[in-house]
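The primary structure of each chain is shown beneath.
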Amino acid sequence: MPREKKPIESRAWDAASVELLEKAGRDGVVTAFDRADTQQNHCKFGTQGVCCRICHMGPCRITPKSPRGVCGANADTIVARNFLREVASGVAAHSDHARHLVLLLKKAAEGAAQGYGIKDEKALLRMAGKYDIDPAEKTSGEIAATLAAKLLGEFTSQEQTLETLNLAPVKQQNIWKSMNTVPHGIDRMIVESMHRTHIGVDHDYSNILMHAFRTSIADGWGGSRIASMVSDILFGTPFPVRSSANLGVIREDHVNLLVHGHEPELSEMLTIASQDPKIVASAKEAGAAGIGLAGICCTANEILMRHGIPVAGNFLQQELALITGAIEVMVVDVQCCMPSLPEVAQAYHTEIVATSDIARTIGATPFSFDTDKALDSAKELIKKAIDNFKSRDPKKVAIPKSHKPIVAGFSVDAVKYMLGGTFRASFRPLNDAVMQGRIFGIVGIVGCNNPNSRLDEYTNILTKELVKNNVLILKTGCAAIASAKEGMLTPESALNEAGDGLREVCETVGIPPILHMGSCVDNSRILEAAAEVVFEGGLGDSIAGLPAVGVAPEWMSEKAVAIGCYFVASGVDVILGNAFHVFGSEKVTDFLHSTTQDIFGASFHHCPSPEKAATTALDIIAAARKKLGIDTQSERKLFDMKDRREILV
Ligand code: SF4
Ligand code: MSK
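None of the values given here were measured: they were computed from a predicted structure.

Visitor: I keep staring at the pattern of salt bridges and nothing clicks. Help me out?
Guide: Between side chains of opposite charge, a pair can form as their charged atoms come close. Taken as a whole and assessed by the stated rule, the structure comprises 37 salt bridges. A salt bridge links Asp 187 to Arg 99; its shortest N-O distance comes to 3.0 Å. Here Arg 99 lies in helix 4 (residues 75–109) and Asp 187 lies in helix 8 (residues 186–196), a separation of 88 residues in the sequence. Here Asp 393 makes a salt bridge to Lys 395, at a shortest N to O gap of 3.7 Å. Lys 395 gets classed as exposed once you look at its relative accessible area, which sits at 75%. Among the charged side chains, a salt-bridge network with shared partners connects Arg 188, Glu 192, Arg 196, Asp 202 and Arg 214.

Visitor: In this structure, what is going on with the site of ligand 1? I would like to understand it.
Guide: All residues adjacent to ligand 1 are Cys 52, Ile 54, Cys 55, Met 57, Gly 58, Cys 60, Gly 69, Val 70, Cys 71, Ile 78, Arg 81 and Ile 199. Its residues assigned to classes, the shell around ligand 1 comprises 9 nonpolar, 2 polar and 1 charged. Formed jointly, the shell around ligand 1 draws a minimum of three residues from each of two domains, domain 1 (8–61) and domain 2 (75–235).

Visitor: How do you make sense of unusual backbone geometry when you look at a structure like this?
Guide: Among all residues except glycine, the phi angle is most often negative; among peptide bonds, the trans geometry is most common. Omega for the bond connecting Gly 58 with Pro 59 falls within 30 degrees of zero, at 5 degrees, which places this linkage in the cis form. Its location among the elements puts Pro 59 in the loop between strand 1 (51–52) and strand 2 (60–61). One non-glycine residue with positive phi stands out, namely Asn 246, at about 115 degrees. By secondary structure assignment, the location of Asn 246 is in the loop between strand 3 (241–245) and strand 4 (255–261). Accessibility expressed as a relative area gives 1% for Asn 246, which makes it buried. Unusually for a residue other than glycine, Cys 336 sits at a positive phi of about 70 degrees.

Visitor: Just to check I follow, could you spell out helix 12 (residues 297–307) for this structure?
Guide: Count 3.6 residues to each turn of an α-helix, and residues three or four apart come out pointing the same way. The element helix 12 is largely enclosed, with a buried count of 10 among its 11 residues. One or two positions beyond helix 12, positive phi appears at Gly 308, with a value near 70 degrees.

Visitor: Whenever I open this one, the side chain of Glu 268 confuses me. Can you help?
Guide: Along the chain, Glu 268 falls in helix 10 (residues 264–274). No salt bridge is formed by the buried Glu 268, whose closest oppositely charged neighbour, Arg 306, lies at an N-O distance of 4.7 Å. At a separation of 2.9 Å, a polar atom in the side chain of Glu 268 contacts the side chain of His 307. Ignoring any residue separated from it by four or fewer positions in sequence, one finds Glu 268 in contact with Phe 235, Ile 303, Arg 306 and His 307.

Visitor: So what exactly am I meant to see when it comes to the site of ligand 2 here?
Guide: Every residue near ligand 2 is listed here: His 262, Cys 297, Cys 298, Phe 315, Cys 336, Gly 447, Cys 448, Cys 478, Cys 520, Met 556, Ser 557 and Lys 559. Summarising the domain contributions, the shell around ligand 2 has at least three residues from each of domain 3 (247–396) and domain 4 (407–628).

Visitor: For this particular structure, what's the right way to read the packing of aromatic side chains?
Guide: Two descriptors summarise a pair of aromatic rings, namely the distance from one centre to the other and the angle between the planes of the rings. The full count for this structure, using the stated rule, is 9 aromatic pairs. In textbook terms, an aromatic cluster arises when at least three aromatic residues are bridged by ring pairs, as seen for Phe 83, Trp 555, Phe 580 and Phe 604.

Visitor: Mind showing me how you'd approach the nonpolar core here?
Guide: Note on soluble globular proteins: their nonpolar side chains tend to be buried together. With 176 residues, the main nonpolar core has Phe 83, Trp 221, Leu 270, Leu 466 and Leu 592 as its most contacted residues. No other element matches helix 4, which puts 16 residues into this core. Each residue touching Leu 592, except ones within four places of it in the same chain, is listed here: Phe 83, Leu 209, Phe 213, Phe 580, Val 582, Ser 603 and Phe 604. Ala 12, Ile 296, Leu 320 and Leu 341 belong to the second-largest nonpolar core, a separate cluster that totals 39 residues.

Visitor: Looking at this model, I keep getting lost on the packing of helix 5 (residues 121–130) against helix 6 (residues 140–156). Mind explaining?
Guide: Pairs of packed helices are described in terms of their axes, by the angle between the two and the distance that separates them. As a packed pair, helix 5 and helix 6 sit with axes 10 Å apart at the nearest point and diverge in direction by 50 degrees. One element, helix 5, and the other, helix 6, form an angle in the oblique class. Note on packing geometry: the crossing formed by helix 5 with helix 6 is left-handed. Counting all contacts with helix 5, which are made through Glu 121, Leu 124, Leu 125, Met 127 and Ala 128, the residues of helix 6 involved are Ser 140, Ile 143, Ala 144, Leu 147 and Leu 151.

Visitor: Help me understand the sheet that holds strand 15 (residues 573–576) in this model?
Guide: Working definition: the strands of a sheet are paired by backbone hydrogen bonds and lie parallel or antiparallel to each other. The strand order 13-12-11-14-15-16 describes an open sheet built from 6 strands, whose pairing is parallel. Of all the strands in the sheet, just strand 13 (514–516) and strand 16 (604–606) have a single pairing partner and so form its edges. Across the sheet, the mean angle separating the axes of adjacent strands is 25 degrees when strand polarity is ignored. Bridging between strand 11 (residues 441–445) and strand 14 (residues 548–552) involves 4 bridges; their strand directions are parallel. Each bridged residue has a counterpart across the sheet, and for Val 443 the counterpart in strand 14 is Val 549.

Rules used throughout
- Residues numbered from 1 in each chain as written.
- Chains lettered and ligands numbered in written order.
- Predicted model: local features only at pLDDT ≥ 70, side-chain atom pairs only at ≥ 80, totals over all residues.
- Heavy atoms only, no water.
- Salt bridge = Lys/Arg side-chain N within 4 Å of Asp/Glu carboxyl O.
- Helix = DSSP H or I, 4+ residues; strand = E, 2+ residues; numbered from the N terminus.
- Buried < 20%, exposed > 50% of the residue type's maximum accessible area, 1.4 Å probe, protein only.
- Near = heavy atom within 4 Å.
- Nonpolar A, V, L, I, M, F, W, Y, C, P; charged D, E, K, R; others polar.
- Domains from an automatic or database assignment.
- Lys, Arg positive; Asp, Glu negative; His and termini not counted.
- Polar contact = N/O pair within 3.5 Å; in protein donor to acceptor, adjacent residues only side chain to side chain.
- Contact = heavy atoms within 4.5 Å.
- Phe/Tyr/Trp six-rings, centres within 6.5 Å; stacked < 30°, edge-to-face > 60°.
- Core = buried A, V, L, I, M, F, W, Y, C linked by side-chain atoms within 4.5 Å.
- Axes fitted to C-alpha atoms, helices over the stretch in contact; angles between N-to-C directions.
- Parallel < 35°, antiparallel > 145°, perpendicular 65-115°, else oblique.
- Left-handed = near helix turned anticlockwise from the far one by under 90°.
- Pairing = 2+ DSSP bridges.

Pasting the structure below:
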């Protein structure tokens, strides 16, 4: 039977992507959208999670007729083991990213990393304080060196539990202690996950799953939190910046260089180098109007948050960006960079440059990025792009017009500042707005795109519905880029869609109702915000009781599984657009979707449609408000400076 070919408009929500998918057809270029069609009949054993290939007596597949693998493992054990391995991989990805940053901090502290230094002294001192480092009579380099050594200990510690856990509300810490889910060193947690899932080790599905949550805590409150904090020290804590998003940010008359992946070390240097007058002059000598730097996925989010560099697109637009025919070089680092990129690039003149030694791609140019000479490396890469400009074939160039203005850069510090100014930076006005009902609740919408559903559709419908219902949205990753492309990340446009109460608060404070908080590791900023709400008071003593929900609408990566787990372990209910591969075990499914309520005060919910996700989120928030006793509408009153002073005097 011939495979069903979907109409192009059904693949993507935004017009720019549809335009380039049509061009891909004309240019004979195969993309992830086409390959998803050829993979339509997904293996049932895989989607149910009941295929085990952990040892070579197998692979074993569980069916009613063969309910146990050769070793005797049943569906519960196999599904739970597969789940834990996904979590471990996600945690490893985030935490290795964090490790690279800590090693860079160490080098920068020693003065051995060209172009890097301590950009945000306040962030350094704040973090040093958390690690009891006395700053007296120490240079910032010395403080950074001591801090880096302590942070490296968070990865390797064997008996000590993570110090970063102290950043969580005491109630969460106590739950983790009582449930035996306090993580030791991050690396140890990942190693133990692999050990436990080896043949013949941990067979009790609930014991395996509890370790999945324990390992995930080492990510959300450990690796990812460290990555965000160290990035802030090295590159600056984000504050609101204006920029624009979607494929239309690519400029035809510029030498175009795209950064893609996750780690910000090189992209920071490319940002600096791209503004070097000598480099701009050589681009002009080559016949271009200048250097066009833009990003894809989370590397894009990193330099957007700190420098306002435009975002060309999210995960499923990485190939589409090349199909514009106007990209000289795409620099890839780690995570979410498709192996298909060099093949797509072959249809044009684009050079794909793989810059991480742990992430090589066949057909890409390997480039060993050396943090000792980072600025030189960045200049070399831009020179490569300038040299390649002459090879561009104008007949193959077609850049969609579409791009939207955005405001991003909402770190927790930035939100506090916007709420209370320099001297009274605080979450108080936010908590009050929630208590008074002007803000009904807070929802974090995060995660990827997935060609099994229409690009950005679920994310955008859900976001609009929640904003209409007075829900403040916190966003990261590719979900944030989806809203950016939709024009929902500016105070002006999004406020038209917000409910009355939310609009009132956003207008008073001057923020959009959707706050872009950064990249995948910056999901830890959402936890930080949740903790701040608890610390501020008035909404209970635990994250678990807050009128807050997490949603991963179009997720696809193992990192998203880890993120979902650390949200649940922190007491935040998580709605999934795509189901986990666990339905082959009723017990594992029940554990994740129900038992965790009794353990952590939160669980997973599978909602295949955005409408169902919206009603589920609103129901969860309504129940939390009732429990907190704030379900009745109190008098609506604008919170002005006089009110703030009265509270804080
Ligand atoms: Fe089969 Fe058991 Fe080996 Fe898995 S560990 S492949 S279930 S024998
Ligand atoms: S990039 S993990 S597709 S959010 Fe962070 Fe996007 Fe998901 Fe990658």
